Amino acid sequence: MDLDIDAVNQELGHDPEGLTRWALSLDKRAICTTNFRPFEAVILHLATRFQPDIPVVWMDSGYNTEATYCFADELARRLSLNLTIYHPRRSRAHREALDGPLPGIDDPRHAAFTEEVKLEPFQRALRETNPQVWLTALRAEDTAQRAQMQPVSVNADGLIKVAPVLHWTAKDMYQYLQRFDLPNNFDYFDPTKVEEKRECGLHLQH
């Protein structure tokens, strides 16, 4: 099936519900990734509204806050998520015993840390789930790089990447949570990004 990506972006790029419905009506293997950060309930609720059993993939670095783990557990139960958690090959305790505590972003070892706790688990997730459609909660407000992205794109491997809420603001996200009485989590920390507007590299590679 030939996809007119430009037409889809023009017609549905500002319609998260319509874009999610379109993506999940393609009759292709789909996944939804999550990190259970603030407002993440929106993409998970959208995805499961239109495909309740959609595989949900979480790359758990082992460095999440206690609140994030509690939020993930609550949301997984509430939405009956078909959740698969991908961990690094080494546990946090194992890594820190050999390599020491979390390296700062200016530390030369930080790139290897990011590869170990996020990028390699994601590559493993892609190999094992072998999706054709990838739903993600990327938003243009997040970083300068994401502001240049389109809601629908196709990567070099032919994977259709769909960001239904790309053009939504924090206010839009908040109103969706209110509309469906969904929980939120603001006690979130990503050790591969550290700074809020920094990319970890995952969405630059894929």
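Residues numbered from 1 in each chain as written. Predicted model: local features only at pLDDT ≥ 70, side-chain atom pairs only at ≥ 80, totals over all residues. Heavy atoms only, no water.

Student: Go over the packing of aromatic side chains with me, naming the residues and quoting the values.
Tutor: To describe a pair of aromatic rings, one takes the distance between the centres and the angle between the planes. Scanning the entire structure with this criterion turns up eight aromatic pairs. Plain terms: the ring middles of F36 and F71 are 6.2 Å apart, the flat faces sit at 85 degrees to each other, and that makes the pair edge-to-face. Of this pair, F36 sits in the loop between β1 (30-34) and α3 (40-50) while F71 sits in helix α4 (residues 66-78), and the two are 35 residues apart along the sequence. Like F36, the residue F71 is buried in the burial classification. Where W58 meets Y69, the ring centres are 5.8 Å apart and the plane angle is 55 degrees; that geometry is what we call tilted. With W58 in strand β2 (residues 55-59) and Y69 in helix α4, this pair connects stretches of sequence that are 11 residues apart. We classify W58 as buried; its relative accessible area is 4%. (Phe/Tyr/Trp six-rings, centres within 6.5 Å; stacked < 30°, edge-to-face > 60°. Helix = DSSP H or I, 4+ residues; strand = E, 2+ residues; numbered from the N terminus. Buried < 20%, exposed > 50% of the residue type's maximum accessible area, 1.4 Å probe, protein only.)

Student: Tell me about the nonpolar core, and name the residues and values.
Tutor: Counting 39 residues, the largest nonpolar core has W22, L44 and V162 as its most contacted members. Of all the elements, α3 adds the most residues to this core, at six residues. In this view, V162 contacts L19, W22, A23, V133, W134, L135, T136, P151 and V152; residues no more than four positions away in its chain are not counted. Of all hydrophobic cores here, the second largest spans nine residues; its members include V57, M59, L126 and L159. (Core = buried A, V, L, I, M, F, W, Y, C linked by side-chain atoms within 4.5 Å. Contact = heavy atoms within 4.5 Å.)

Student: Describe the environment of A47, naming the residues involved and giving the relevant values.
Tutor: Considering the arrangement of structural elements, one finds A47 in helix α3. Taking relative accessible area as the criterion, A47 reaches 1% and is therefore assigned buried. Considering only alpha carbons, one finds A47 and P164, 117 residues apart in sequence, at a separation of 9.7 Å. Leaving out residues up to four positions away in the same chain, A47 has contacts with T20, L24, C32, I54 and L135.

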